[in-house]
Amino acid sequence: MASSNQTVLQFTPSPTSLTAKVHPLVMFNICDCFVRRPDQAERVIGTLLGSVLPDGAVDIRNCYAVPHNESSDQVALDIDYHHNMLSSHLKVNPKEVIVGWFSTGFGVTGGSALIHEFYAREVPNPVHLTVDTGFSSGEASIKAFVSVSLSLGDQQLAAQFQEIPLDLRLIEAESVGFDVLKTTMVDKLPNDLEGMETSMERLLALIDDVYKYVDDVVEGRVAPDNNIGRFISDTVASIPKISPAAFDRLVNDSLQDQLLLLYLSSITRTQLSLAEKLNTAAQIL
């Protein structure tokens, strides 16, 4: 008589609502670590720091690289370095905890499962972030994955990486620098004056959008929104009431101070360069 017991091959899925949000600082740190990697290293891996938001989304705010040696069948992590870096970060910001790990390159590799298993012991359900620093698809592809277990009955056989939605989070202060650095090639970084000019142009464009919205509401072309109205009112009320003459005087005084600092720093650089040349000449003579 045949036995009625059957062994079922099944997946253990991760929560379907899990999403990840990453800040631009994390991306630039990963790219900087890739540029500074050892000559023999093909990719860079490291730890992701952040928190889990009340809605369940993983907020990735910081990261650091972890030295490793990798071959075709094994990966060796510097665990002591990882724990020392984590301890240092927790002293600065104790609210940031381990939320996963990152690697450079296009997609998941054979050694990713071994590294993910290590981070799964550090934090439940870690997020794996991949950054294509080689621009294989013509742009920097950024993806996030979680592990899905493949089990045979009660025995776990393997793990499969499942991609999850990833959102790039930007605050207003980060958007100006990100607009410059997000392109694959730039001629030069903007100086202080050019950066201020870009910020002012963006501010004027936002003010024009507010003017247009207010006019549309007044003329009845757009339905009013109480939340937007209160936000505009609070923004206008937060601006200090100052006369144009006093504002010009304040800006000019600040500009004079900045020019004085530039002049003093230029004099200091000239004096140091002159002292270095005189020292070199004295040694030769």
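Think of each chain on its own: its residues are numbered from 1, step by step along the sequence as written. With the structure being a predicted model, the display of local features is reserved for residues of pLDDT at least 70 and the display and counting of side-chain atom pairs for 80 or more, all residues being used for whole-chain, interface and lining totals. Side-chain descriptors were evaluated using all non-hydrogen atoms of the structure, hydrogens and water having been removed beforehand.

Next up on the list: the overall build of the chain. In terms of regular secondary structure, the chain is built from seven helices and eleven strands. Within the span of the chain, comprising 285 residues, buried residues form 25% of the whole. The contacts of the chain with a sequence gap of at least 6 include a subset with a gap of at least 24, amounting to 61%. Of the accessible surface of the chain, which amounts to about 20200 Å², a share of 58% is contributed by carbon and sulfur atoms. Every helix listed is a DSSP run of H or I at least four residues long, and every strand listed is a run of E at least two residues long, numbered separately from the N terminus. Here the term buried applies to any residue with accessible area under 20% of the maximum for its type, exposed to any over 50%, and partly exposed to those in between, with areas from a 1.4 Å probe on protein chains only. Pairs of residues are marked as contacts when any of their non-hydrogen atoms sit within 4.5 Å. To be clear on the numbers: accessible area is Shrake-Rupley with a 1.4 Å probe, and residue cover counts the displayed protein chains and nothing else.

This paragraph deals with the nonpolar core. Here, nonpolar core refers to any group of buried Ala, Val, Leu, Ile, Met, Phe, Trp, Tyr and Cys residues whose side-chain atoms link them within 4.5 Å. Core analysis: the biggest nonpolar cluster contains 20 residues, and Leu48, Ile60 and Leu129 have the highest contact counts within it. Elements supplying a minimum of two residues to this core: β2 (20–22), α1 (24–35), β4 (58–65), β7 (97–104), β8 (127–131) and β9 (142–152). When residues in this core are grouped by element, the largest group, four residues, is from α1. If we skip the residues at most four places from it in the chain, Ile60 touches Ala20, Lys21, Val22, His23, Val26, Leu48, Leu49 and Val99. Formed by eleven residues, the second largest nonpolar core is a distinct cluster that contains Val66, Ile115, Phe118 and Tyr119.

Turning our attention to the packing of aromatic side chains. By convention, a stacked pair of Phe, Tyr or Trp rings (six-membered ring in the case of Trp) has centres within 6.5 Å and planes under 30 degrees apart, an edge-to-face pair has planes over 60 apart, and any other such pair is tilted. Across all of its chains, the model carries two aromatic pairs by this definition. Aromatic pair Phe118 and Tyr119: ring centres 5.1 Å apart, planes at 80°, arrangement edge-to-face. Judged on exposure class, the residue Phe118 and its partner Tyr119 are both buried. Lying over the aromatic face of Phe34, Arg37 brings its terminal NZ or CZ to 4.0 Å of the ring centre. Sitting over a ring, as applied to charges here, requires NZ of Lys or CZ of Arg to be within 6 Å of the ring centre and within 35 degrees of the ring normal.

Here we come to the pairing of β7. Counting buried residues in β7 gives seven out of eight residues, a clear majority hidden from the surface. Strand pairing is defined by DSSP finding a minimum of two bridges between the two strands. Bridge count for strand β3 (residues 45–52) against β7 is six bridges, and the pairing is antiparallel. Within β7, the position partnered with Gly46 by the bridge is Phe102. Note that β7 and β8 share five bridges and pair parallel.

Glancing now at the pairing of β8. Across the five residues of β8, five count as buried, placing the element largely inside the fold. Residues of β8 alternate between two faces, with Val127, Leu129 and Val131 on one and His128 and Thr130 on the opposite face, all of them buried. Handedness is read with the strands pointing away from the viewer; a crossover is right-handed when the path from the first strand over the helix to the second is clockwise. Taken together, β7, helix α3 (residues 112–122) and β8 constitute a β-α-β crossover, and its handedness is right-handed.

The angle between two axes is taken between their N-to-C directions and runs from 0 to 180 degrees, where each axis is a line fitted to C-alpha atoms and a helix contributes only its stretch in contact. Where helix α2 (residues 79–92) contacts α3, the axes come no closer than 14 Å and their chain directions differ by 40°. It follows that α2 is oblique to α3 by the angle criterion. Where α2 crosses over α3, the handedness of that crossing is right-handed. Facing Ile79, His82 and His83 of α2, the residues of α3 in contact are Phe118, Tyr119 and Glu122. Think of it as three bins: nonpolar holds Ala, Val, Leu, Ile, Met, Phe, Trp, Tyr, Cys and Pro, charged holds Asp, Glu, Lys and Arg, and polar takes everything else, Gly as well. Across the contact of α2 with α3, the residue classes tally to three nonpolar, two polar and one charged. Any angle that falls under 35 degrees is termed roughly parallel, while one over 145 is termed roughly antiparallel, one within 65 to 115 roughly perpendicular, and all others oblique. We call a crossing left-handed when the near helix sits turned anticlockwise from the far one by less than a right angle, and right-handed when that turn is clockwise.

Moving on to the confidence of the model for the chain. Looking at the chain as a whole, its pLDDT mean stands at 80, while 81% of the residues score no less than 70. pLDDT: the predictor's confidence for each residue, scored from 0 to 100. The model gives residues 7–11 a pLDDT under 50, and that stretch makes 17 contacts with residues more than four places away or in other chains.

Turning our attention to helix α6 (residues 226–238). Residues spaced three or four apart along an α-helix face the same direction, because each turn holds 3.6 residues. The span you would expect from a helix comes to 1.5 Å times its residue count less one. Spanning 13 residues, α6 covers 18 Å between terminal C-alpha atoms, matching the ideal 18 Å at 1.5 Å per step. Within α6, only zero of the 13 residues are buried, which leaves it mostly out in the open. You can read the cap of α6 off the contacts: a side-chain oxygen lies 2.9 Å from the backbone nitrogen of Asn227, and it is on Asp225. Any pair of nitrogen or oxygen atoms within 3.5 Å is treated as a polar contact; in protein, a donor-acceptor pairing is required on top of that, and neighbouring residues in sequence qualify only through side-chain atoms on both sides.

Without a salt bridge and with relative accessible area above 30%, a residue can belong to a patch; like charges are then joined within 9 Å and nonpolar side chains (Val, Leu, Ile, Met, Phe, Trp, Tyr) within 5 Å. Criterion for a salt bridge: a side-chain nitrogen of Lys or Arg within 4 Å of a carboxyl oxygen of Asp or Glu. On the surface, a nonpolar cluster with roughly 620 Å² of combined accessible area is contributed by Met196, Met200, Leu203, Leu204, Ile207 and Tyr211. On the basis of relative accessible area, Tyr211 is assigned to the exposed category, the value being 55%.

Our focus in this paragraph is the pattern of salt bridges. Overall, the coordinates contain five salt bridges when judged by the stated rule. Note that Arg36 is salt-bridged to Asp32, the shortest N-O span being 2.9 Å. With a shortest N-O distance of 3.7 Å, Glu96 and Arg61 are connected by a salt bridge. Separated by 35 residues along the polypeptide, Glu96 in the loop between α2 and β7 and Arg61 in strand β4 bring together distant segments of the chain. Through salt bridges with shared partners, a single network forms among Asp59, Arg61 and Glu96.

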